[in-house]
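Structure assessment
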Amino acid sequence: MNIFDMTIHELHTALQGKQVSSLEATTAMLARIEAVEPRVGSFITVTPEQALADAAAADIRIAAGATDVLTGIPVALKDIFLTEGIRTTCGSRILDNFIPPYSATSYEKLKERGAVLLGKLNQDEFAMGSSNESSAYGSTRNPWDTSCIPGGSSGGSAAAVAAREAIATLGTDTGGSIRQPASHCGCVGLKPTYGRVSRYGVIAYASSLDQVGPLTRDVTDCAIMLGAVAGHDPKDSTSVDTPVPDYAASLTRGVKGLKIGLPKEYFIAGLDADVQKAMDAAIETYRRLGAEFVDISLPHTDYAVATYYLIATAEASSNLARYDGVRFGHRAEADGLLGMYTKSRSEGFGAEVKRRIMLGTYALSSGYYDAYYVKAQKVRTLIMNDFITAFANVDVMLTPVAPTPAFKIGEKVNDPLQMYLSDIFTIPVNLAGTCAMSLPAGYSASGLPIGVQLIGKPFGEEAILQAGHAFEQATEWHTRKATI
Ligand code: GLN
């Protein structure tokens, strides 16, 4: 078996058995990156020196008896995570030469465990997008069909896993940015409950929605990565101080008697036939495994996309005010302070980011604040209450991740509204603050992966991981590999 085809747990076994060293594994990954990057473009920055140094250090730890499952495992991070001394662009020209002076807590945690950093992954600019096309560094291509988008905004994170350029990756999810690319690239992707993972050192898009989470080859790896980054962080006051379960240890409980809700608002007329087919097959599989299905309703689903695009843009307009040519990033030459601000921001930000800043600034401006921002906050509460009510009767929910498989590069780029609607099934989960996972569940007629989404109760990651694991044991979708 090729090293680059391995999961975390497989490579861990090989490292422990001394069949391979971390240095050999890392060298194999770097060679793989070099071979497929011209076709995929998952990375903004590859860090071979860092990777080889990390691997050498991991080998010393392993030789001294270290048995940590992450020691020596080559991973990569979305370029939204601050990495001390390593360029971090967030997919934006405005941060083109930004070298962070400190690291994100999630990166620190992986480092402490002995993981190896291969590099920083492509993404939509400031995580605003569903296709990776808003990146200032070119769009990543879907390894299953390079004429298609990999999804976004963590498109590089998903494509790198699918193209086997990293064993596992981290992304962030504000409205679907882990789950939708995971679905389009045939990987497992989990957005944890808001507060489960520290956001410290993660460049902020919409702070009340952003969460960090893993993209992996299988559910076991997903549980391992989630366990590694979850937990309270004194540096992020929104991270919650509840114990982190041993996610990987509790995977095998099965789904007998599990009550799975099917929200009727998610099975709409426009759903792609291949997506519907994958959904039907998933329901059948769960039935066979002994789960019970309950029809439920999330009545305010229709308002989720509009609500999200008010709240997320309002928060973004505030968060992105710091990129002004003084404190961070690109600085243009111009007459006077105001001219310098204007020119720096005009040159530094791309079209989508500008659109969002304008939308958000408008929604927050006096005279419109009550009509838009405050109203959106109220609808957010209604959406949250929908989930609380529905979860009184079910353990988890099962829905599609995206209404269609991956679309063509260029197809929606000039139609922002169509692009925004591709997150219709993922956005409500962020507004409600709960957790959800995308699982490989089939392929379209043209061979593109399709994911299904398991939604859990707040801090119910264990339940969705268990349900996901049971599904994975009963199917073979996650074992297929993109030929790239
Ligand atoms: N596609 C959504 C957006 O553009 C979600 C992005 C995300 O989750 N970061 O805002």
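I will try to describe carefully the structure that is included in this document.

What counts and how
Along each chain, residues carry numbers from 1 onward, in the same order as the chain's sequence is written. In keeping with the model being predicted, local features are shown solely for residues with a pLDDT of at least 70 and side-chain atom pairs are shown and tallied solely at 80 or more, while totals for entire chains, interfaces and linings include all residues. Hydrogens and water molecules were not included; the side-chain quantities draw on all heavy atoms of the structure. Secondary structure elements follow DSSP: runs of H or I of four or more residues count as helices, runs of E of two or more count as strands, with numbering from the N terminus. Atoms counted for the radius of gyration: C-alpha only. Globule rule: 2.2 Å times the number of residues to the power 0.38. Relative accessibility under 20% of the residue-type maximum defines a buried residue, over 50% an exposed one, and the middle range a partly exposed one, all with a 1.4 Å probe and only protein chains included. By definition in these notes, contact holds between two residues if any of their heavy atoms fall within 4.5 Å. None of His or the chain ends enter the tally, which takes Lys and Arg as positive and Asp and Glu as negative. One atom stands in for each charge, and that atom is NZ of Lys, CZ of Arg, CG of Asp or CD of Glu. Between the rings of Phe, Tyr and Trp (Trp by its six-membered ring), a pair exists once the centres lie within 6.5 Å; its type follows the angle of the planes, with under 30 degrees stacked, over 60 edge-to-face, and the other angles tilted. For a ring to carry a charge above it, either NZ of a lysine or CZ of an arginine must fall within 6 Å of the ring centroid while also lying within 35 degrees of the normal to the ring plane. Any residue with a non-hydrogen atom lying within 4 Å of a molecule or strand is treated as near it. Counting of polar contacts relies on pairs of N or O atoms within 3.5 Å, with two restrictions inside protein: one atom must be capable of donating a hydrogen and the other of accepting it, and residues adjacent in sequence are counted only when both atoms are side-chain atoms. Per-residue accessibility takes into account occlusion by the displayed protein chains alone, with areas from the Shrake-Rupley method and a 1.4 Å probe.

A few points about the overall build of the chain
Helix and strand content of the chain: 15 helices and 11 strands. For 484 residues, the compact-globule formula gives about 23 Å, and the C-alpha radius of gyration of the chain, at 21 Å, lands near that figure. Oriented by its inertia axes, the alpha-carbon framework of the chain measures out at about 65 × 55 × 45 Å. Split into buried and exposed, the 484 residues of the chain put 61% on the buried side. Residue pairs in contact within the chain that sit at least 24 positions apart in sequence constitute 76% of those at least 6 positions apart. Taking the average location of the 42 positive side-chain charges in the chain and that of its 51 negative ones, the two points are 2 Å from each other.

Topic: the packing of aromatic side chains
Under the defined criterion, the tally for this structure stands at 14 aromatic pairs. Aromatic pair Phe 126 and Tyr 323: ring centres 5.0 Å apart, planes at 45 degrees, arrangement tilted. On the criterion of sequence distance, the pair formed by Phe 126 in the loop between strand 3 (116–121) and helix 5 (155–162) and Tyr 323 in the loop between helix 9 (304–319) and helix 10 (336–348) is long-range, its members being 197 residues apart. Of the residues examined, Tyr 323 reaches a relative accessible area of 4% and is grouped as buried. Here the aromatic rings of Tyr 369 and Tyr 373 are separated by 5.4 Å at their centres, their planes lie at 35 degrees, and the arrangement is tilted. For Tyr 369, a relative accessible area of 35% translates into the label partly exposed. Relative accessible area serves as the criterion here: at 15%, Tyr 373 is assigned to the buried category. Feature note: the residues Phe 126, Tyr 323 and Phe 349 constitute an aromatic cluster, connected by ring pairs. Here Arg 32 stacks its cationic end above the ring of Phe 4, 4.3 Å away from the centre of that ring. Above the ring of Phe 407, the side-chain terminus of Lys 412 is found at 4.3 Å from the ring centroid.

Concerning the site of the ligand
In the region of the ligand, 15 residues are neighbours, and Gly 175, Ser 177, Tyr 205, Tyr 308 and Asp 423 sit closest. Residue Gly 129 places a main-chain N or O atom 2.8 Å away from an oxygen atom belonging to the ligand. In this structure, an oxygen atom belonging to the ligand sits 2.6 Å away from a side-chain N or O atom of Tyr 308. Bound to the protein, the ligand loses 100% of the 300 Å² it would expose on its own.

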